[in-house]
Structure formats: structure tokens, C-alpha cells
Amino acid sequence: MTEQQQGQNSDQAWETRRHRAGIAAFLAGLVVTLAFFAFFPGLPHVCHVIDWGAILASLAVSGLARWACQSWMTKAAKKPDRM
């Protein structure tokens, strides 16, 4: 029973790390994309105003970053260790 509890605890800890990494990837994608739309020269914005299209695009990029991070972590966890 102790081994099963330890396995559940390690699985729960891994899920917590995966969840936190997904949140960090989402926030990083959001900040980077909004910064791109705010500061990139030559965008067709007057006074570099962030409009709803930029906000929606940054949310989409953030969701993609979160998905990529979590799928990469899952794939890395399933990959057998090769030494």
C-alpha cells in the first residue's frame, strides 16, 4: 500500500509541475505577444494602440504555447531514459 501511495504522490507532483509550467507558458506567450503588438515599429496602429484583434491573437498564441509546453512535458515523461 505504501508503494501505491508513493506512486500517487509522485504522479500528483508531476501533474502539479505540468500545470504550473502550462500557466507559466501561457503568461509568457501573452506578455511576449502583447509586447510585440505594442512595440513593433510599422504596425498599422495609431500611437501603437493595442486593439481587440491583438488581444485575441495574443490569447491564441498563449493557448498554443501552453499546449506545446504541456505536450512536450508529457512526451518527455513517457520517453524512456537512455544512458
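Residues numbered from 1 in each chain as written. Predicted model: local features only at pLDDT ≥ 70, side-chain atom pairs only at ≥ 80, totals over all residues. Heavy atoms only, no water.

Participant: Help me understand the overall build of the protein, please; the structure alone is not making it clear to me.
Facilitator: When helices and strands are tallied, the protein shows 2 helices and 0 strands. Going through the 83 residues of the protein one by one, you find that 17% of them count as buried. For the protein, contacts bridging at least 24 residues in sequence account for 71% of all contacts bridging at least 6. (Helix = DSSP H or I, 4+ residues; strand = E, 2+ residues; numbered from the N terminus. Buried < 20%, exposed > 50% of the residue type's maximum accessible area, 1.4 Å probe, protein only. Contact = heavy atoms within 4.5 Å.)

Participant: What exactly am I supposed to notice about the pattern of salt bridges here?
Facilitator: Pairing of side chains with opposite charge becomes possible as their charged atoms draw close. Tallied over the entire structure, the rule returns 1 salt bridge. Its salt-bridge partner being glutamate 15, residue arginine 18 comes within 3.8 Å of it at the nearest N-O pair. One end of the pair is arginine 18 and the other is glutamate 15, both in helix α1 (residues 2-39) and 3 residues apart, which spans about a single turn. The exposure class of glutamate 15 is partly exposed, given its relative accessible area of 39%. (Salt bridge = Lys/Arg side-chain N within 4 Å of Asp/Glu carboxyl O.)

Participant: What am I meant to see in the side chain of serine 62 here?
Facilitator: Relative to the helices and strands, serine 62 resides in helix α2 (residues 52-78). Using a relative accessible area of 0% as the deciding quantity, one classes serine 62 as buried. Look past the residues within four positions of serine 62 in its chain and what remains in contact with it is Phe26, Gly29 and Leu30.

Participant: Even after reading the chapter, I still don't get α2, so can you show me in this structure?
Facilitator: One full turn of an α-helix is made of 3.6 residues, so residues set three or four places apart face in the same direction. Helix length check: α2 (27 residues) gives 39 Å between terminal C-alpha atoms against 39 Å at 1.5 Å per residue, within 8%. Looking only at α2, the buried set comprises Ala54, Ser58, Ser62, Cys69, Gln70 and Met73. (Expected span 1.5 Å × (residues − 1).)

Honestly, that's just the spatial picture; any functional story needs more than this.
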